[in-house]
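# Structure at a glance
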Amino acid sequence: MSAGKILVVDDEPQIRRVMRTTLSKHGYEVIDARSGKDALARLREDLPDLVLLDLNLPGMGGLEACRIIRAGSEVPIIILSVRNTERDKVQALDAGADDYVTKPFSMEELLARIRAAFRRVPASPEAGPRLLMLEDLRVDFEARKVTVRDSEVHLTPKEFDLFRYLVAHAGQPVPHRKLLQAVWGPDYGHEVEYLRVFINQLRKKIEPDLSNPKYILTEPWIGYRFAMPERNAG
Amino acid sequence: MILELLKRSAVHIVEETLIPLDFTIHNWLLRRILRLAAAVGIIAVILALFLRISYLGKTAIVLSLLLAVLGIASRWGFAESLAAAIAAGLFVECFVAPPFGLGAPQHWIALSAFLITAITTTELSMRARRKEREASARRRELESLYNFSQAILQCATVESTLKNVVDRIVEVFGVEAAALYYRPKDVIFEAGSGCAAIGEGSLRAAVNAENPQLEPVSRRAIMPIHLNGCTVGSLGLTGASLSETLIQAIAHRVDIALERTSALEEAARSDAARKSEELKSVVLDALAHDLKTPLSSIKAAATSLLSEISHASAGDFELLCVINEESDRLNRIMNEAVEMARIEVGIVELKRLQYSIRETVYAALEDLNPAADGRLIEIDIPETLPPVDIDFCLVKQVFKQLLDNALKYCPKTSPVVVSSECPKDSVTVSVADSGPGIPESEWNRIFEKHYRGCEGRQGTPGTGMGLAIAKNIVEKHGGRIWVTGRPERGAVFHVSFPIHGARTP
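Keep in mind that what you see is a predicted model, and the values were worked out from it rather than measured.

## Description of the pairing of strand β1 (residues 4-9) of chain A
Residues and elements named next belong to chain A.
- The element β1 is largely enclosed, with a buried count of 6 among its 6 residues.
- Neither face of β1 is left uncovered, since the one carrying Gly 4, Ile 6 and Val 8 and the one carrying Lys 5, Leu 7 and Val 9 both have all their residues buried.
- Pairing of β1 with strand β2 (residues 28-33) involves 6 bridges; the strand directions are parallel. The partner of Lys 5 across the bridge, within β2, is Glu 29.
- This β-α-β element, β1 to helix α1 (residues 13-25) to β2, shows right-handed connectivity.
- Note that β1 and strand β3 (residues 50-54) share 4 bridges and pair parallel. Bridge pairing in β3 links Ile 6 to Leu 50.

## A few points about the side chain of Ser 144 of chain B
- Along the chain, the position of Ser 144 of chain B falls in helix α5 (residues 105-152).
- Among the polar contacts made by the side chain of Ser 144 of chain B, one reaches the main-chain carbonyl oxygen of Arg 140 of chain B at a distance of 2.6 Å.

## Comments concerning helix α6 (residues 157-168) of chain A
Residue and element names in this part refer to chain A.
- If you check α6, its first and last C-alpha atoms are 16 Å apart, about what 12 residues at 1.5 Å a residue would give, namely 16 Å.
- Burial analysis of α6 places 11 of its 12 residues in the buried class, the great majority of the element.
- Taken residue by residue, α6 has Pro 157, Lys 158, Glu 159, Phe 160, Asp 161, Leu 162, Phe 163, Arg 164, Tyr 165, Leu 166 and Val 167 as its buried positions.

## Focus on the side chain of Asp 88 of chain A
Residues and elements named next belong to chain A.
- Structurally, the position occupied by Asp 88 is in helix α4 (residues 86-94).
- No salt bridge forms around the buried Asp 88; measuring N to O, its nearest opposite-charge neighbour Arg 83 is 4.3 Å away.
- Beyond its immediate chain neighbours, meaning those up to four positions away, Asp 88 contacts Arg 83 and Tyr 100.

## Observations concerning the sheet that holds strand β11 (residues 216-219) of chain A
All names here are of chain A.
- Ordered by their spatial adjacency, 3 strands build an open sheet running β10-β12-β11, and the pairing between neighbours is antiparallel. Taken across any chain shown, the strands that pair with only one partner, and hence form the sheet edges, are β10 (174-175) and β11.
- Across the sheet, helix α8 (residues 192-206) touches β11 and β12 (223-226), and the angle it forms with β11 is around 150°.

## Topic: the sheet that holds strand β4 (residues 220-227) of chain B
Residue and element names in this part refer to chain B.
- Within the open sheet, the 5 strands sit side by side as β2-β1-β5-β4-β3. Their pairing is antiparallel. Edge positions in the sheet fall to β2 (187-192) and β3 (213-215), since each has one partner strand and no second. Between one strand axis and the next, the sheet turns through 15° on average, direction left out of account.
- In this sheet, β2 lies alongside strand β1 (residues 177-182) in antiparallel orientation, the contact comprising 6 bridges. Bridge pairing links Tyr 182 to Val 187 in β2.
- Along the sheet face, helix α6 (residues 158-173) touches β1, β2 and β5 (230-238) and points at about 30° away from the line of β2.
- In this fold helix α8 (residues 244-306) packs onto β1, β3, β4 and β5, with an angle of close to 30° to the strand it touches most, β4.

## Digging into a nonpolar patch on the surface
- Taken together, the side chains of Val 45, Leu 49, Ile 53, Tyr 55 and Leu 56 of chain B make up a nonpolar region of the molecular surface, amounting to roughly 510 Å² of accessible area.
- With respect to the helices and strands, the residue Val 45 of chain B is situated in helix α2 (residues 25-52).

## Here we look at the interface of chain A and chain B
- With 18 residues of chain A in contact, the opposing surface of chain B contributes 17 residues.
- Across the chain A/chain B interface, buried area totals approximately 1600 Å², and carbon plus sulfur atoms make up 63% of it.
- It is Val 18, Val 82 and Pro 104 of chain A that lose the most area in chain A upon contact with chain B, and together they represent 30% of the buried surface on that side.
- At the boundary of chain A and chain B, one finds 3 residue pairs in polar contact (both at pLDDT 80 or more).
- The element contributing the most residues to the side of chain A that touches chain B is α1 of chain A, with 5 residues.
- Of the residues that constitute the side of chain A that touches chain B, the class distribution is 7 nonpolar, 7 polar and 4 charged.

## Notes on α6 of chain B
Residue and element names in this part refer to chain B.
- The end-to-end C-alpha separation of α6 is 22 Å, in line with the 22 Å expected for 16 residues at 1.5 Å each.
- Considered for burial, the residues of α6 that qualify are Val 158, Thr 161, Leu 162, Asn 164, Val 165, Val 166, Ile 169 and Phe 173.
- The inward-facing, buried residues of α6 contact α5, β1, β2, β5 and α8.
- Gly 174 sits one or two positions beyond α6 and adopts a positive phi of about 65°.

## Concerning the environment of Ala 470 of chain B
- Looking at the element boundaries, Ala 470 of chain B is found in helix α12 (residues 466-476).
- Residues Ala 470 of chain B and Phe 447 of chain B lie 23 residues apart in sequence; the distance between their C-alpha atoms is 8.3 Å.

## Thoughts on the packing of aromatic side chains
Residues and elements named next belong to chain A.
- A complete count under the given rule lists 10 aromatic pairs over all chains for this structure.
- Taken together, a centroid distance of 5.7 Å and an interplanar angle of 75° make the contact between Phe 163 and Phe 226 edge-to-face. Of this pair, Phe 163 sits in helix α6 while Phe 226 sits in strand β12, and the two are 63 residues apart along the sequence. Considered together, Phe 163 and Phe 226 belong to a single accessibility category, that of buried residues.

## What about the packing of helix α2 (residues 36-46) of chain A against helix α3 (residues 62-72) of chain A?
Residues and elements named next belong to chain A.
- Running from N to C, α2 and α3 cross one another at 20°; their axes reach a closest spacing of 9 Å. Of the possible angle classes, the one that applies to α2 and α3 is roughly parallel. Crossing handedness for the pair α2 and α3: right-handed. For the pair α2 and α3, contact is made by Gly 36, Leu 40 and Leu 43 and by Ala 65, Ile 68 and Ile 69, respectively.

Cut-offs used in this document
- Residues numbered from 1 in each chain as written.
- Chains lettered and ligands numbered in written order.
- Predicted model: local features only at pLDDT ≥ 70, side-chain atom pairs only at ≥ 80, totals over all residues.
- Heavy atoms only, no water.
- Buried < 20%, exposed > 50% of the residue type's maximum accessible area, 1.4 Å probe, protein only.
- Helix = DSSP H or I, 4+ residues; strand = E, 2+ residues; numbered from the N terminus.
- Pairing = 2+ DSSP bridges.
- Right-handed = clockwise from strand over helix to strand, strands pointing away.
- Polar contact = N/O pair within 3.5 Å; in protein donor to acceptor, adjacent residues only side chain to side chain.
- Expected span 1.5 Å × (residues − 1).
- Lys, Arg positive; Asp, Glu negative; His and termini not counted.
- Salt bridge = Lys/Arg side-chain N within 4 Å of Asp/Glu carboxyl O.
- Contact = heavy atoms within 4.5 Å.
- Axes fitted to C-alpha atoms, helices over the stretch in contact; angles between N-to-C directions.
- Patch = residues over 30% accessible without salt bridge, like charges linked within 9 Å, V, L, I, M, F, W, Y side chains within 5 Å.
- Areas by Shrake-Rupley, 256 points an atom, 1.4 Å probe, with all protein chains shown as cover.
- Buried area = accessible area lost by both parts, 1.4 Å probe.
- Nonpolar A, V, L, I, M, F, W, Y, C, P; charged D, E, K, R; others polar.
- Phe/Tyr/Trp six-rings, centres within 6.5 Å; stacked < 30°, edge-to-face > 60°.
- Parallel < 35°, antiparallel > 145°, perpendicular 65-115°, else oblique.
- Left-handed = near helix turned anticlockwise from the far one by under 90°.

Here is the structure:
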């Protein structure tokens, strides 16, 4: 039984070689693809548990591939790219990636991030309410079901974990670092842009008025806070 | 009434004696004399005819003569009709006298009728002819103006347009010479012969004048030329009597042509600049990607082996560390080289906003996280420091570089001190370390690319580009970066930004 099936998408054969060798050695099953189109085919046929995606791909770019994968699957996506500007990172996260690693990277770091991506925030009863019922929002944390104004919305696993953590600490500002470590893993803490992107996506799905959020509030320079309205049944 | 008629006849005579341009004096005189003779001749012939056919009666003779005067007046001119009228009067007096007898009032009446007919008819026909002349002159002007506009709107550059303007003016409007002074390039374009008559001095002086200067006597005109509402030159013409309206119309057409080509040139220039920047950006990205891709494989492979260190011997571990560290170094060098190139070729555009320098310094500090190594940094920047117009990310990088340098050279036990000053229109931040300091001879050179300090500053890893990049960023903001030293007690780097955002062009 392998630790998980990883799809490596990169047009550079040497990278694929190193990844295949190292990841196999760490117990993962590795499949690879050299283009976005190839990746989508492998995704359908082999159903990997995680995708390592290069941005600079021939034909369909990595960003486009990321969008298509995310549209049809919840599989965690980690971007591997030589592009290192904040804009590139935000674009990739916006396209549905869960994490972004800049090339060249240390294998230790990548392995840690892969482990973090496989890890789910445990849904223990102490971590928060099992059911959240508000005026226009209903969340069943055990069934991972979110209903906004009578229609079910779909949250990605990272979005869901982030939301659950904020709800579990409703009313108190959660600092960036704490939030990152809780949702992504202990190796994180500086990736404030991740939060910006994911909070923004959460708000788009949950908030009735994006320009004036009522549930997920920004605490300037500190972090985010879930504001619990008076009337609730948790 | 007689007086009025005489006055008009005087005007006609003056008008008629003005020699049209296309005739030589000799030709013109000969023609007039011939016509005068012909006018008198016609009257004589009519009279002779009527004298032969005497049964027609005197009234018919007088009426026929009157018609003849009328005809001559409307066809030829004042002098001819006057001659015909007098001749007719005299002939009636002499040959058709009986039965009234000489000097009878009827004869005076006949003579007056001839004269009044001659004067009035000439007056009317002259007026009509004058109108027609004016109309055709106007039409010719419009045609020339149209041809001129067409011709000068076909050039792609400002200079070719201006050269074309003077050539076409000479060609289309038939002036002797045309000269155009264009101030931005300080050049004079000339066409035709006799440009000296326009005068270089007058042309240059006309740039400061508001209105066209017309000198009908010397037949010279100088008018200002405008571009985007400013006077940028002047156009001088000589050797033709063009109307003021036409001259102003010409100047207006030149303005339009100039505006058009300069807009075209501007568009071409900015397009070329944009294309070249895009190209540079693409080349730099491709270069960075191509260099980093193999490096990624090397680093991934090395770190992969390092992670299973239990299997490797101590010697292998050492070698793997060298591979790993050197890949990091290569990566750093490439990042900085690309960054430097981007800033140098101007691809990096400043995203300026009002920021607090204090916050920027704190943000840089947060990235470096020196507290993790137990390092001390004292920050003495008041919160009241006015905000400056900066690109937050780039300026944060400058402070990161300065703080990183200071931490590198400062002994672990002593603090790096960051302080600020606010002289009237700028904000200065100083970063002081208590390291070995920098000799004064190197104060300027350390900001040069690839320059590495010699004394006491060797042996620390770096690419030698950090300070050059910092200097580039600061100067892009219109600021200044420099270093001073506290003798034997370390270096102090200063960065100053203008408060009112004196942007570099």
